[in-house]
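Descriptive structure summary
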Amino acid sequence: MSGDALRQLELAAGCLRMQIAGDINGLEAGQHTLREFLETNAALARGKYQADIAFEEIVANVIRHAYADFEPGAHPIGVEVTVTDAEIVLRFEDDGPPFDPVAAPERVPPTSIEAAKGGGWGLVLVRRGASRMEYARVADRNRVTICVENR
Amino acid sequence: MELQLTDLGNATKIVLRGRLDTPGVGQIETRFIASIVPAGKHALVDLSGVDFLASMGIRMLITTAHSLRRKKAQLILFGAQPLVQESLDGVSLNQIIPVVASESEAKGLLKL
């Protein structure tokens, strides 16, 4: 894992802010940091799992699609996570082209293995696990907010 | 991410342990596919040691099942933990790949 995969980190009670490299090393470093944070901040099992899913799918999506043509890690991704008794809120910011995952079409599950396409299930998993999703384009950056129940 | 193979004669049992996410799939995908698809035998995949299943893992399972189907063989999943089962249910994977609770049920489907 490269040394600058996790470029900036702020921790407070119930709140984590980090900036990760927009590449596989940043994804992996961010996953470890998120899991440690959730473990020590009263996140419950299903909430932790769904927060983990949201992080993996949103960050991987940005890396694969928004930053695919750039030098690995050239564009950082901002992540803020807040834990309360009721919910876990994750906010992601990237400077890729506009992409609204909330408005993206719902994928229809295939009815046979012959008709199934392998990929493209990330947003389906995020939507199934989220209690709320919001998108905004702010100062030329995508801002995606995902809430999952802390239970 | 760990992968362990057992030859059952007409089938191969594959035990997976760890996280089936982007880094985890990157570690095992080539070996997973190479161990299953060329032989063209049925594959029983034990998910009991998998504690996280993201879309990259689902993609790996679907593409492998798809390749096996072309060779008239089946991929069957069993033993998923409750939260991993939620990921499987979330994409209705059981509509296209058999998902059962236990190894004995998986073997029963193949009449092993």
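Residues numbered from 1 in each chain as written. Chains lettered and ligands numbered in written order. Predicted model: local features only at pLDDT ≥ 70, side-chain atom pairs only at ≥ 80, totals over all residues. Heavy atoms only, no water.

Quick word on the pattern of salt bridges
Evaluation of the coordinates by the stated rule reveals 19 salt bridges over all chains. With a shortest N-O distance of 3.3 Å, A:E80 and A:R17 are connected by a salt bridge. In this pair, A:E80 is assigned in strand β3 (residues 76-83) and A:R17 in strand β2 (residues 15-21), connecting sequence segments 63 residues apart. Relative accessible area serves as the criterion here: at 38%, A:R17 is assigned to the partly exposed category. B:R19 is paired through a salt bridge with A:D52; the nearest N and O atoms lie 2.8 Å apart. Of this pair, B:R19 sits in strand β2 (residues 11-20) while A:D52 sits in helix α2 (residues 45-66), each in a different chain. Accessibility expressed as a relative area gives 16% for B:R19, which makes it buried. Residue classification places A:D52 among the buried residues on the basis of a relative accessible area of 5%. (Salt bridge = Lys/Arg side-chain N within 4 Å of Asp/Glu carboxyl O. Helix = DSSP H or I, 4+ residues; strand = E, 2+ residues; numbered from the N terminus. Buried < 20%, exposed > 50% of the residue type's maximum accessible area, 1.4 Å probe, protein only.)

A few points about the interface of chain A and chain B
Bring the parts together and some accessible area is lost; that lost area is often taken as the interface size. Chain A puts 30 residues into the contact, and the matching count from chain B is 27 residues. With both chains or domains summed, chain A and chain B bury close to 2,300 Å², and 63% of this area falls on carbon and sulfur atoms. It is A:Y49, A:I113 and A:W121 that lose the most area in chain A upon contact with chain B, and together they represent 30% of the buried surface on that side. The interface formed by chain A and chain B holds 3 salt bridges in total. At the junction of chain A and chain B, the tally comes to 12 residue pairs in polar contact (both at pLDDT 80 or more). Of all the secondary-structure elements, those providing two or more residues to the side of chain A that touches chain B are α1 (24-39), α2 and α3 (122-129) of chain A. Within the side of chain A that touches chain B, the residues separate by chemical class into 13 nonpolar, 7 polar and 10 charged. (Contact = heavy atoms within 4.5 Å. Buried area = accessible area lost by both parts, 1.4 Å probe. Polar contact = N/O pair within 3.5 Å; in protein donor to acceptor, adjacent residues only side chain to side chain. Nonpolar A, V, L, I, M, F, W, Y, C, P; charged D, E, K, R; others polar.)

Things to note about the side chain of A:Q50
Looking at the secondary structure, you find A:Q50 in helix α2. Owing to a relative accessible area of 7%, A:Q50 belongs among the buried residues under this scheme. Sequence-distant contacts of A:Q50, that is, excluding residues within four places in its chain, are made with A:L125, A:G129, A:V148 and B:E86.

What to know about the environment of A:D95
By the element assignment, A:D95 lies in the loop between β4 (87-94) and α3. There is a polar contact of 2.8 Å between the side chain of A:D95 and the side chain of A:H75.

Some thoughts on the nonpolar core
The biggest cluster of nonpolar side chains holds 71 residues, and the ones touching the most others in it are A:I146, B:L16 and B:F32. In terms of residues, this core owes the most to one element, α2(A), which gives 10 residues. With residues up to four places along the chain from it excluded, the contact list for B:L16 reads B:M1, B:E2, B:L3, B:I28, B:F32, B:V45, B:D46, B:L47, B:G49 and B:V50. If you look at the next biggest cluster of nonpolar residues, it comprises 6 residues, including B:L44, B:F78, B:V100 and B:L110. (Core = buried A, V, L, I, M, F, W, Y, C linked by side-chain atoms within 4.5 Å.)

Here we look at the sheet that holds β2(B)
Residues and elements named next belong to chain B. The sheet built from 5 strands is open, its strands ordered β1-β2-β3-β4-β5 with mixed pairing. What marks the edges here is a single partner per strand, and that holds for β1 (2-7) and β5 (99-100). Here β2 pairs with strand β3 (residues 42-53) via 9 bridges, running parallel. By the bridge assignment, R17 is partnered in β3 with G49. (Pairing = 2+ DSSP bridges.)

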